Amino acid sequence: MTAECCGYPISIFFIVVNEFCERFSYYGMRAVLVLYFRYFLLWDDDLATSIYHAFVALCYLTPILGAIIADSWLGKFKTIIYLSIVYAIGQVTMAISTIHDITDANRDGTPDNFTFHIALSMLGLILIALGTGGIKPCVAAFGGDQFQEHQSRQLNTFFSVFYLCINAGSLLSTLITPVLRAQECGIHTQQQCYPLAFGVPAVLMVISLVVFIAGSGMYVKTDPEGNIMWSVCKCIGFAIKNRFRHRSSSYPKREHWMDWANEKYDKLLIAQIKMVLKVLFLYIPLPMFWTLFDQKGSRWTLQATTMSGDFVSILISTVNPILILTLVPIMDRLIFPLIQKCGLNFSPLKRMTVGMLFAAMAFVSAALVQIEIDKTLPNFPSSSESQLKVVNTYSTTLNVTISPNEHLLIESFGVQLHTSKHTYSTISCMFVNDFSLIHGEQWCEFSRKFGFGASYTFLIPSTVFSDDCESITEVEDMKPNSVHMALQIPQYFLITTGEVMFSVTGLQFSYSQAPKNMKSVLQAGWLCTNAVGNIIVLIVAELGKLPKQWAEYLLFASLLVAVSIIFSIMAYFYTYIDPAEIEAQVRKEQGLEPEEMEKETLEMEEKDEDQKNEQGVKQTKI
Ligand SMILES: NCC(=O)N[C@@H](CCC(N)=O)C(=O)O
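As a starting point, this report considers the structure included with it. (Residues numbered from 1 in each chain as written. Predicted model: local features only at pLDDT ≥ 70, side-chain atom pairs only at ≥ 80, totals over all residues. Heavy atoms only, no water.)

1. Examining the overall build of the protein chain
Across its full length, the protein chain carries 17 helices and 10 strands. Taken over 622 residues, the protein chain has a buried fraction of 46%. Sequence-distant contacts in the protein chain: of pairs separated by 6 or more residues, those separated by 24 or more amount to 77%. Surface summary for the protein chain: the accessible area is close to 32200 Å², and the carbon and sulfur share equals 62%. (Helix = DSSP H or I, 4+ residues; strand = E, 2+ residues; numbered from the N terminus. Buried < 20%, exposed > 50% of the residue type's maximum accessible area, 1.4 Å probe, protein only. Contact = heavy atoms within 4.5 Å. Areas by Shrake-Rupley, 256 points an atom, 1.4 Å probe, with all protein chains shown as cover.)

Here you go:
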């Protein structure tokens, strides 16, 4: 009997706090990672973005490893502890790799040995990916294991609270770590404080581990049932082989292709594999949701850079967790019960389909915003065009004639200057509020706000310092960004509503439909859909793009609508199961008590081993 508070097992308190700290650690580190690549390691944008996405994809691939270790070998509890240690070491390694003083022998503020910092940070990232991904399917499933059969309502609420903690951790760290980075620190020279920005997530990971261990005495710990993954693979392999051996039509068909393993494998194992395969099959279309969802961090962020509004930019990076924190309780307490009251069956798979449609609508909204932005962007010459800029410094208007066959975009400034002898130079700067032109004792000062995204040319006559500053002509080559970032809020709102319907439900669904000994494996399968989604983003980003960004958004939206239709058809044919009930039924059919069942499985395994040894002896004899 586990200790309870308000109908909930007390042990889940430690699990949700652990998740909060772990997600703080993960998202905090992620928030400054690209900046570290870009401004510390001095990588270009493309390399920084590619390594970042590859790291995220790795974080969602390693859950398979964690699940196999947990379900087959160590059990969830020990797997979480060991992999959290790996994770914490990774975070500390990462934080150390950002101390520029370690290799800054000449004390100029930049590291002298980049190879050292790159190697150390890559090692740190691999350990982090192993740790964060490895524990991810185990923590959610371990949380679920704490509930008893009569607590199914609380179990669903647990997954929602779990998701809230993820996003509370992510919200706080996304706000805090960039501020920590902006501080200055260092032994020899003061630089942007990456060690603090990465160090705090490392500390949070250690706290997360300590909190998890603190709850040790209260957890329900289910033991792993032998090397289950190996048994599953062998059983599937045997079913395929056996089916192939009996391919002739003279053999009677079996209800399910896995039934071809009946000759050798235990009925219970076959029933469990059928349950898992059914769910994994249903997952096939799901990566498309993540393909759209994860573009929040890339395409949508880039879209925001072509928009105006400085304050909103901080809001935009945190809008997803903020909306999650508000939408999850609204959905759970208001919308879903209301739908139920109306007599509608809003089953988990229906919710997921609607979630996908919301994500598709978010991309339609992004496309509409993009069309607005495009109207304000200057026309750049395409690959079959050239751009000719004529700055008229003559005192009267000149006519420019262009052959009608030439494709030229004409920019006319209507500028008239007193002299044509200039030296051209271009200055690109961020956040310019004022600048001065200084020559000896004289200067001209320009003090005003220059718009973001704008480009200006200042034409300075040779007489300026003997004459007056008024003779300087300012030309606005490109207008400042004028479409406000607030216009992105609907698309964030839509995608987050989609996330609540899709992701929170998917998490619950993966747990509820998995047999007891394969809970982590199905969680890992669920997380894998995210990894594949990220890989699709990487491929699409590498392969050429459509000429218009809005068209690309619409293409993604249409693809997701198509995928959601396919998914809804698949979902229609899916029958929800209670794995415990099916397992009990199979046991009953076999006339076995649970203990006897386990004994039989062990005997099977032993028989298998004996056969193998026998074969080995035969082979040696030959
Ligand atoms: N809002 C982002 C979020 O909550 N992400 C979750 C879930 C990711 C997933 N693929 O299930 C997280 O755990 O970080």
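2. Regarding the packing of helix α3 (residues 63-97) against helix α6 (residues 194-214)
Think of two packed helices as two axes; the pair is described by the angle between the axes and how far apart they sit. One can describe the packing of α3 onto α6 by two numbers: an axis separation of 8 Å at closest approach and a directional angle of 165 degrees. As judged from the angle between their axes, α3 and α6 are roughly antiparallel. Handedness of the α3/α6 crossing: left-handed. On α6, the residues that touch Phe77, Ile80, Ile81, Ser84, Ile85, Tyr87, Ala88, Gln91, Val92, Met94 and Ala95 of α3 are Pro195, Phe198, Gly199, Pro201, Ala202, Met205, Val206, Leu209, Phe212 and Ile213. Looking at the contact of α3 with α6 residue by residue, the class counts come to 18 nonpolar, three polar and no charged. (Axes fitted to C-alpha atoms, helices over the stretch in contact; angles between N-to-C directions. Parallel < 35°, antiparallel > 145°, perpendicular 65-115°, else oblique. Left-handed = near helix turned anticlockwise from the far one by under 90°. Nonpolar A, V, L, I, M, F, W, Y, C, P; charged D, E, K, R; others polar.)

3. What to know about the site of the ligand
In the region of the ligand, 13 residues are neighbours, and Arg23, Tyr27, Lys136, Glu499 and Asn530 sit closest. Contact distances for the ligand include 2.4 Å between an oxygen atom and a side-chain N or O atom of Tyr27. The protein chains hide 96% of the 380 Å² of surface that the ligand would expose on its own. Residue assignment for the shell around the ligand shows that the elements contributing at least two residues are α1 (11-40), α5 (152-182), α13 (489-512) and α14 (519-542). The greatest single-element share of the shell around the ligand, amounting to three residues, is contributed by α5. (Near = heavy atom within 4 Å. Polar contact = N/O pair within 3.5 Å; in protein donor to acceptor, adjacent residues only side chain to side chain.)

4. Thoughts on the packing of aromatic side chains
Counted according to the given criterion, the structure contains 37 aromatic pairs. For the ring pair Trp290 and Phe293, a centre distance of 5.4 Å and an interplane angle of 90 degrees mean the geometry is edge-to-face. Highlighted residues: Trp290 and Phe293, both in helix α9 (residues 287-293), separated by three residues, approximately one helical turn. We classify Trp290 as buried; its relative accessible area is 4%. In this structure Phe293 comes out as buried when scored by relative accessible area, which is 7%. Within the aromatic cluster, the residues linked to one another by ring pairs are Tyr8, Phe147, Phe158, Phe159, Phe162 and Tyr511. Positioned above the aromatic ring of Phe244 is the side chain of Arg247, whose terminal nitrogen or guanidinium carbon lies 4.2 Å from the ring centre. Taking NZ or CZ as reference, Lys519 lies 4.2 Å from the ring centre of Tyr511, over its face. (Phe/Tyr/Trp six-rings, centres within 6.5 Å; stacked < 30°, edge-to-face > 60°. Lys NZ or Arg CZ within 6 Å of the ring centre and 35° of its normal.)

5. Digging into the state of the cysteines
Within the structure shown, the criterion is met by one disulfide. One disulfide bridge connects Cys185 with Cys193, the sulfur atoms lying 2.0 Å from each other. Judged by the sign of its S-S torsion, about 100 degrees, the cystine formed by Cys185 and Cys193 is right-handed. This cysteine, Cys6, is not joined by any disulfide, and Cys5 carries the nearest cysteine sulfur, 3.7 Å off. In this model Cys21 remains outside any disulfide bridge; the closest cysteine sulfur is found in Cys165, 9.5 Å from its own. (Disulfide = S-S within 2.5 Å.)

6. Details of the nonpolar core
If you look at the biggest cluster of nonpolar residues, it comprises 135 residues, and the most contacted ones within it are Leu33, Phe55, Phe162, Phe198 and Trp526. Looking at which element gives the most residues to this core, the answer is helix α12 (residues 348-376), with 12 residues. In this structure, Phe198 is in contact with Met29, Val32, Leu33, Tyr36, Gln91, Met94, Ala95 and Thr98, ignoring residues within four places of it in sequence. Cys444, Phe446, Phe458 and Ile472 belong to the second largest nonpolar core, which has five residues in total. (Core = buried A, V, L, I, M, F, W, Y, C linked by side-chain atoms within 4.5 Å.)

7. A word on unusual backbone geometry
Positioned with a positive phi, Cys6 is a non-glycine residue whose angle comes to about 55 degrees. Topologically, Cys6 is positioned in the loop between β1 (4-5) and β2 (8-9). Accessibility expressed as a relative area gives 71% for Cys6, which makes it exposed. The phi torsion at Arg107 lies on the positive side, around 55 degrees, for a residue other than glycine.

8. Notes on the packing of helix α2 (residues 45-61) against α3
The interhelical angle for the contact between α2 and α3, taken along N-to-C directions, is 20 degrees, at an axis separation of 5 Å. With respect to each other, α2 and α3 are oriented roughly parallel. Between α2, through Cys59, Tyr60 and Leu61, and α3, the contact on the second element is made entirely by Pro63, Ile64 and Leu65.

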